[in-house]
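Analysis of the macromolecular model
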Amino acid sequence: MLFFVSIKLYAQDSTLVGTTIKWDLNKCIEYAKKNNIQVNSLRLSMQTSQQEYELAKAARLPNLSGSATQNFAHSGNGSGFSASGNYGLNSSVTLYNGGYINNTILQKNLAVQSANLSILQQENDITLQITQAYLAILLDKENIIYDTDLVNTAQAQVKLEQQRYTVGTVARKDLIQLQAQQATDQYTLVNVQNVYRGDLLTLKQLLVLPSDVNFDIVKPDTIISSGENVSPLRNTQDIANKTRPEIKNGMLDVQIAQYDVAKANAGYKPSLLAGGSIGTGYTTGPGGGFGQLGNNFNQQVGLTLAVPIFTKRVVKTQVEEAKIAVEQSKLNLQNTKIVLSENVERAFINVQNAQSQYDAAAEQYKYNQEGYRIASEQLRVGVASIVDFLLQKNLFVQAQQAFVQAKYNVILSLKIYDFYRGVPITL
């Protein structure tokens, strides 16, 4: 058989519960992109990356904190209660830290872009899965049509043979053979109907549709299965390398890793912080007088310079590990390109193989169809043996199944190959 900034996330659409829907491929793909769990999980990850980016930008701003202390004391010598209080505001801001903050901001921005590309990559994957499942159902539907026709023809043939047997013009074994063939045709039809229901359930689950939705797909009026205008392999590989999200994501991973090197190198450089505070306080009590808040008001500003002198190889290790991560990300990118190139080449070969199979199957089907038509006519007029007829019918059924399978294989292989060069999947 043939083989997904604040973002609104979707779950199962409750408005579809108990309804009957019939969707075309585009509607199925659109719905799956909104409701696929993996896609929505990546959307949440993207929101997390966006929050981390906002946090990185906020590191440039000064902080501000307030403090208040209030104390009450009772003297054991009978002099009564005393009270004291201190209140203040403190703020600091990083003026220079070797570019760590700026590099973090740039890195987190790339992480947001990478998260968006991961969403696109998952949407591409779910698109291919939906297309495969959709075409499998179309194949099932066509097989059901053909097998239903075979069953109806077999019933008519058995009826005619029964009449001949009744008047004694044919042997009972001939009638039994036709009845057995009718039962076989009926069994084949039931199997195809079961496969259809299973494939329909697979697509329904990919779409994350509620279980009580009565779901079916729209069969296109025409399905083109010609591969005459297949794009050259080299052109498709070049387009895929420039446009596919997995390649762009791999390139971003290299840049993100390079920013880790720059951030680690900041550990060698001095940092400069500016800080300031204001505060006041008071004390009061028997014999202690009274301290006015205004009289104790104080202000302070200052700079703090920190120069790393000896870090016990901590910074050097961080830098070296970051450099290793850069090389690993480059290897990952190279591997991604190789895998993509191989997948495109495999898709190209699949198109060629599927097209050759389709051409051969179409030729085989044409001749066996004519042979079956002649055998059926001979059986009808009583000039063909049951054995010869059944042999020709079996050849026709095999040729028919091979033709339908080949037709949908070439459609699927063409859609996948074109998808690699950026052509949207439609039927």
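All residue numbers refer to positions counted from 1 along the written sequence of the respective chain. The predicted nature of this model means local features are confined to residues of pLDDT at least 70 and side-chain atom pairs, given and counted, to a pLDDT of 80 or more, with totals for whole chains, interfaces and linings taken over all residues. The side-chain quantities take in all heavy atoms of the structure and omit both hydrogens and water.

Labels follow the DSSP assignment, with helices taken as runs of H or I lasting at least four residues and strands as runs of E lasting at least two, numbered in each case from the N terminus. Within the protein one finds eight helices and seven strands. Radius of gyration here uses only the C-alpha atoms, and the compact-globule reference equals 2.2 Å multiplied by the residue count raised to the power 0.38. The C-alpha radius of gyration of the protein comes to 38 Å, more than 25% above the 22 Å expected for a compact globule of 427 residues. Overall, the protein is about 135 × 55 × 35 Å in size when its C-alpha atoms are taken along their principal axes. The cut-offs for exposure are 20% and 50% of the maximum accessible area for each residue type, with area from a 1.4 Å probe on protein chains only; residues under the lower value are buried, those over the upper are exposed, and the others partly exposed. Counting every position in the protein, which comprises 427 residues, the buried fraction comes to 38%. Of the roughly 23900 Å² of accessible surface on the protein, a fraction of 54% belongs to carbon and sulfur atoms. Only four residue types enter the charge count: Lys and Arg as positive, Asp and Glu as negative, with His and the chain ends excluded. The location of each charge is read from NZ of Lys, CZ of Arg, CG of Asp or CD of Glu. Taken as two groups, the 37 positive and 34 negative side-chain charges of the protein have centres that lie 7 Å from each other. We get accessible surface area from the Shrake-Rupley algorithm with a probe of 1.4 Å; when it comes to residues, only the shown protein chains can shield them.

Stacked, tilted and edge-to-face pairs are distinguished by plane angle, under 30 degrees for stacked and over 60 for edge-to-face with tilted covering the rest, among Phe, Tyr and Trp rings (Trp via its six-membered ring) whose centres lie within 6.5 Å. In total, this model carries eight aromatic pairs according to the counting rule given. For the pair Phe348 and Tyr417, a centre-to-centre distance of 5.5 Å together with 50 degrees between the ring planes defines the contact as tilted. Of this pair, Phe348 sits in helix 7 (residues 314-381) while Tyr417 sits in helix 8 (residues 386-420), and the two are 69 residues apart along the sequence. Take Phe348 and Tyr417: they sit in the same class, and that class is buried. Ring pairing ties together the aromatic residues Tyr358, Tyr365, Tyr372, Phe389, Phe396 and Phe403, which thus form one cluster. Here the guanidinium or amino end of Lys27 rests over the ring plane of Trp23, the centre of that ring lying 5.3 Å away. The rule is short: NZ of Lys or CZ of Arg within 6 Å of the ring centre and within 35 degrees of the ring normal puts a charge over the ring.

Although it is not a glycine, Lys312 adopts a positive phi angle of roughly 55 degrees. Residue position: Lys312 is located in the loop between strand 7 (298-306) and helix 7. Not every positive phi belongs to a glycine, and Arg313 is a case in point at roughly 70 degrees. If you trace the backbone, Arg313 turns up in the loop between strand 7 and helix 7. Residue Arg313 is classed as partly exposed on the basis of its relative accessible area of 48%.

Structurally, Ala402 is set in helix 8. For Ala402, a relative accessible area of 32% corresponds to the partly exposed category. Along the sequence, Ala402 and Tyr365 sit 37 residues apart, while their C-alpha atoms lie 8.1 Å from each other. Excluding residues within four positions of it along the chain, Ala402 makes contact with Ala361 and Gln364. By the convention used here, residues are in contact when the closest approach between their heavy atoms is within 4.5 Å.

Throughout, nonpolar core names a set of buried Ala, Val, Leu, Ile, Met, Phe, Trp, Tyr and Cys residues whose side chains join them through atoms within 4.5 Å. Counting residues in each nonpolar core, the largest one holds 66 residues, and the members touching the most others are Trp23, Cys28, Ile130, Leu203, Leu207 and Phe215. With 16 residues, helix 8 is the largest single contributor of residues to this core. Membership of the second largest hydrophobic core comes to nine residues, among which are Ala56, Ile101, Ile105 and Ile119.

Here the focus is the confidence of the model for the protein. Of the residues in the protein, 91% reach a pLDDT of 70 or more, and the chain-wide mean stands at 90. Residue-level confidence of the predictor, termed pLDDT, takes values from 0 up to 100. When mean pLDDT is taken per element in the protein, helix 6 (residues 245-265) scores highest with 97 and strand 6 (residues 289-290) scores lowest with 45. Taken together, the stretch residues 1-10 has pLDDT below 50 and engages in 39 contacts with residues farther than four places along the chain or on a different chain. Scored below 50 in pLDDT, residues 287-291 shows seven contacts in the model against residues more than four places distant or in partner chains.

Any carboxyl oxygen of Asp or Glu within 4 Å of a side-chain nitrogen of Lys or Arg constitutes a salt bridge here. Taken as a whole and assessed by the stated rule, the structure comprises 18 salt bridges. Between Lys407 and Glu142 there is a salt bridge, with the nearest N and O atoms lying 2.6 Å from each other. Here Lys407 is found in helix 8, whereas its partner Glu142 is found in helix 3 (residues 100-166), with 265 residues between them in sequence. Each member of the pair, Lys407 as well as Glu142, carries the same accessibility label: buried. Note that Arg421 and Asp418 form a salt bridge whose closest N and O atoms lie 3.1 Å from each other. Of the residues examined, Arg421 reaches a relative accessible area of 26% and is grouped as partly exposed.

Let's shift gears to the side chain of Asn35. Along the chain, the position of Asn35 falls in helix 1 (residues 25-35). For Asn35, a relative accessible area of 3% corresponds to the buried category. Here the side chain of Asn35 touches Tyr31 through a polar contact of 2.8 Å, landing on its backbone oxygen. We call two N or O atoms a polar contact when they sit within 3.5 Å, provided that within protein one can donate a hydrogen and the other can accept it, with sequence-adjacent residues counted only if both atoms are side-chain atoms.

As a further point, take the side chain of Asp185. With respect to the secondary-structure elements, Asp185 resides in helix 4 (residues 172-206). Its relative accessible area of 7% is what places Asp185 among the buried residues. Apart from residues lying up to four places away in sequence, Asp185 is in contact with Leu150, Val151, Ala154 and Lys393.

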